[in-house]
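# Report on the structure
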Amino acid sequence: MTKQPSGPVLGTCALNRATLDRQLLLRRSSRSAKEAVAHLVGLQAQNVRPPYYALAARLDGFAPESLSALMADREVVRIVTLRSTIHTHTAADALTLRPLVQPARTRELTAFRKGLAGVDLDRLAALARDLVEAEPRTMAGLREALRAEWPDADPQSLAVAARCTLPLVQVTPRGLWGRSGQVALTTAEHWLGRSGEPTPGPDATEAVDATVLRYLAAFGPASVRDMQAWAGLTRLRGAFERLRPRLLTFRDEAGVELFDLPDAPRPDPGTPAPPRFLPEFDNLLLSHADRTRVVPPELHGRAWQGNQAFRTLLVDGFLAGVWKLTEDALVIETFGQGEGRGRLSRAEERDAILAEAARMLATLHPGAHHDIRFGTVVPGAGR
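If you're wondering where the values come from, they're calculated on a predicted model, not measured in any experiment. (Residues numbered from 1 in each chain as written. Predicted model: local features only at pLDDT ≥ 70, side-chain atom pairs only at ≥ 80, totals over all residues. Heavy atoms only, no water.)

Attention now moves to unusual backbone geometry. Residue Thr172 is joined to Pro173 through a cis peptide bond whose omega torsion reads 20°. When you line up the elements, Pro173 lands in the loop between strand S4 (168-170) and strand S5 (185-187). Even without being glycine, Arg74 reaches a positive phi, approximately 65°. Among the secondary structure elements, Arg74 is positioned in the loop between helix H4 (64-72) and strand S2 (76-80). (Helix = DSSP H or I, 4+ residues; strand = E, 2+ residues; numbered from the N terminus.)

This is the structure:
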């Protein structure tokens, strides 16, 4: 007979406020950009601008140049880690988290096995390392260089294999605020001038446990499945069981066991949550298996259309709309009356949204003029 989880029940609003607090979205933080990136265990960075918008929503006095300077100084980097997607991490986290998520990168290779028939992956990794450490390479350049060694293999599969087996970072100027540059890659160790952690290694268990605690500090209270969704990994139950004596346990309204740090903030569910403009792919919306703590069930999928993710608006802590920035306007599309917990129902909410929009523009685009208006962001949605 399966033992049922025990512990107090945390409702959706309680989970929402706890997560917002830890995500620095309940009130803006005075942390530095580097401290925030470390606390949040990285920022989703599939596109260049999202990390800047993510910090603008979270930090008091943030200036985009502060994050850009960290990147130029190699104190933060862009690297494929969690969920096999690009994240902006501190240098220390790039070296320690990348080995932890290596099993997911190894699984990713199975989709390319036909194109890699006859290819010695250890030899490929060694050759690719030599190539990118000699000089940063684009994926196209890496592909062509590897093809010379394995002319019968699929060129794209060769480049993907290099990306999956090596901790490759995107070198600057890619990722800098107000700059442009194609993606060029080298190893994290070479770019940062130091070695990563062995994978697997004698401290692998300790590293996993430490990451569980950091995840809970930034995203908890959370279930085992929640963290697995965040990391893109499986089989993390053992780490939670090892840590159980150090953690508190709760249940959500469906009876799922949630773990948390004893001293982590769990604000009153009625704590006010100001509007926040978040970038596409913000980790707040992607880091739990059960996303109802931020995305009401009736709004599931509303921030996406096909493969396109829209920038999101939170009202009262929950998804309430999407937005886009054009050359001359910030356009906000709110979901219909009655849709979602964060629905717009009072004039003061609308005023708060407009004030937050103005603040975001002043932070990230000072001196530029943008009209702020409510309109259509998702073409044809619900029409």
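On we go from here.
For the rest of this paragraph, the subject is helix H12 (residues 224-231). Within H12, six of the eight residues are buried, which leaves it mostly tucked inside the rest of the structure. Among all positions in H12, only Val224, Asp226, Met227, Gln228, Trp230 and Ala231 are buried. For H12, the elements touching its buried residues are helix H11 (204-219), helix H13 (237-243) and strand S7 (257-260). Among the residues trailing H12, Gly232 stands out with phi positive, at a value near 75°. (Buried < 20%, exposed > 50% of the residue type's maximum accessible area, 1.4 Å probe, protein only. Contact = heavy atoms within 4.5 Å.)

Looking at the element boundaries, Gly178 is found in the loop between S4 and S5. For Gly178, a relative accessible area of 74% corresponds to the exposed category. With 120 residues separating them in the primary sequence, Gly178 and Arg58 have C-alpha atoms 20 Å apart.

Topologically, Gln23 is positioned in the loop between helix H1 (12-22) and helix H2 (33-39). The class for Gln23 is buried, based on a relative accessible area of 1%. Residues contacting Gln23, with those up to four places away along its chain left out, are Leu40, Arg58, Ala218, Phe219, Asp282 and Leu284.

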